[in-house]
Amino acid sequence: MPGSEFNIIQRFFTEPARLLSDRQGHSDIVLGIGDDCAIISPPVIGPPVAPPDNQQLVVSIDTLISGVHFPEQTSPQAIAHKALAVNLSDLAAMGAEPCWFTLALTLPEADESWLASFSSALFKLAEEYNIALIGGDTTRGKLAITIQVAGYVPQGKALLRSGAQVGDIIAVSGELGAASIGLDIVLEKNQKTYHCLSEKQQQAALFALNYPSPKIKEGLLLRNYAHAALDLSDGLLSDLGHILKASAVGADVFLEQLPLAESLQCLAPEQAWERALSGGDDYQLCFTLDSDKWQQLKNIEPHFTAIGVITDTHKLRLLNRSGELFLPRNGGYNHFE
Ligand SMILES: [Mg+2]
């Protein structure tokens, strides 16, 4: 898609590989722009051969802007949680263990009670995931939060988007679609998507939108199982597309196998599939693995769900139980469309 966020970074901000490798002292960059995180291998001081379990640093950055990534009326607690959680989710997608983060905060005014609520929610999540805030900056302007995270992964063990192999099972770490219903509720639009939900179920959809839980534990486990992985931020279709492109493969996704969130129950099956495929903000992991490994893994993590297989077709096909092709109306969330 021309003009998409992904292409802007690729086109204008990816240093040619030649430059990166030629530049003095930058053999430390193992993986640059294009995955959930970059991978850096800090120079080893001492013996010339690094120990086999030498750690690599993975780094990612994400900005959330009021009115774009969260509705303007969102609470400071939810904003803080989400800003850190979406970054932790990128570490999870690499199979990394969180270590530290930095924060750049743009605020329309220095509102003490807003800041107190924001910082306490931020530190609550940081403590839960054992990640330390080591620096920050504030400026005045429209509310925006940028967080950069770093994590560690044993050398060569990071989960990349480029490792999917023909015949792999495609799986996801949990339910899909709830956050998109939460967004309908906040914006009071598409009431037919949530009119049948109880108050408690509506709260659950809102919680899924505002308080995503990063799958760090799952990412660490997947290091020993998955060939490729990423986190679902923009919707399964568009995000799985990144794995297919990076790995130069295709996929068949079986619609009846999609783990639909309870929040989708007001929708007819085809509309529910649309939401599970194209709704953003789920922050589950999507990964591919050998079918033998899948048999082992699903005994350990029963909430993981197989949704399809990697093919050599270079196409993403959505199939119903009768093997008929399903064409969704939209591909996925895109910030610049
Ligand atoms: Mg990501």
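It should be emphasised that the depicted structure is a prediction, and the values quoted were computed from it without experimental measurement.

## Thoughts on the coordination of the magnesium ion
Thinking step 1. The coordination sphere of the magnesium ion contains the protein donors Asp36 (OD), Asp90 (OD) and Asp231 (OD), at a distance range of 2.1 Å.
Thinking step 2. In primary-sequence terms, the residues that donate to the magnesium ion follow D-x53-D-x140-D. With Asp36 in the loop between strand S1 (29–31) and strand S2 (38–40) and Asp90 in helix H3 (residues 76–94), the pair connects residues that are 54 residues apart, well separated along the chain. Of the two residues examined, Asp36 and Asp90, each falls in the buried class.

## Some points on the packing of H3 against helix H4 (residues 112–128)
Thinking step 1. The contact between H3 and H4 brings their axes to 7 Å, and the two run at 35 degrees. For the element pair H3 and H4, the recorded crossing hand is right-handed. Along the contact surface, H3 presents Pro76, Gln77, Ile79, Ala80, His81, Leu84, Ala85 and Leu88, while H4 presents Trp114, Ser117, Phe118, Ala121, Leu122, Leu125 and Ala126.
Thinking step 2. Considering only residue class, the contact of H3 with H4 consists of 12 nonpolar, 3 polar and no charged.

## As for the sheet that holds strand S10 (residues 285–289)
Thinking step 1. The 6 strands lie next to each other as S8-S10-S7-S11-S9-S12, forming an open sheet whose pairing is mixed. What marks the edges here is a single partner per strand, and that holds for strand S8 (228–231) and strand S12 (316–319). With direction set aside, neighbouring strand axes in the sheet form an average angle of 20 degrees.
Thinking step 2. The pairing of S8 with S10 spans 4 bridges and is antiparallel. Opposite Leu230, over in S10, you have Cys286 as the bridge partner.

## Concerning the packing of aromatic side chains
Thinking step 1. Inspection of every chain in the model, using the stated rule, returns 4 aromatic pairs.
Thinking step 2. Consider the rings of Phe207 and Tyr211, whose centres lie 5.1 Å apart with planes at 25 degrees: the pair is stacked.
Thinking step 3. Under the relative-accessibility criterion, Phe207 is labelled exposed at 51%.
Thinking step 4. By relative accessible area, which is 26% here, Tyr211 ends up partly exposed.
Thinking step 5. Lying across the ring of Tyr225, Lys293 places its NZ or CZ 5.5 Å from the centre.

## Things to note about the environment of Ile243
Thinking step 1. As for its placement among the helices and strands, Ile243 is situated in helix H8 (residues 236–247).
Thinking step 2. The sequence separation of Ile243 and Cys286 amounts to 43 residues, and the corresponding C-alpha distance is 9.2 Å.
Thinking step 3. Excluding residues within four positions of it along the chain, Ile243 makes contact with Arg161, Ala164, Ala228, Ala229, Leu230, Cys286 and Thr288.

What counts and what doesn't
- Residues numbered from 1 in each chain as written.
- Predicted model: local features only at pLDDT ≥ 70, side-chain atom pairs only at ≥ 80, totals over all residues.
- Heavy atoms only, no water.
- Donors = N, O, S within 2.8 Å, 3.2 Å for Na, K, Ca; no water.
- Helix = DSSP H or I, 4+ residues; strand = E, 2+ residues; numbered from the N terminus.
- Buried < 20%, exposed > 50% of the residue type's maximum accessible area, 1.4 Å probe, protein only.
- Axes fitted to C-alpha atoms, helices over the stretch in contact; angles between N-to-C directions.
- Left-handed = near helix turned anticlockwise from the far one by under 90°.
- Contact = heavy atoms within 4.5 Å.
- Nonpolar A, V, L, I, M, F, W, Y, C, P; charged D, E, K, R; others polar.
- Pairing = 2+ DSSP bridges.
- Phe/Tyr/Trp six-rings, centres within 6.5 Å; stacked < 30°, edge-to-face > 60°.
- Lys NZ or Arg CZ within 6 Å of the ring centre and 35° of its normal.

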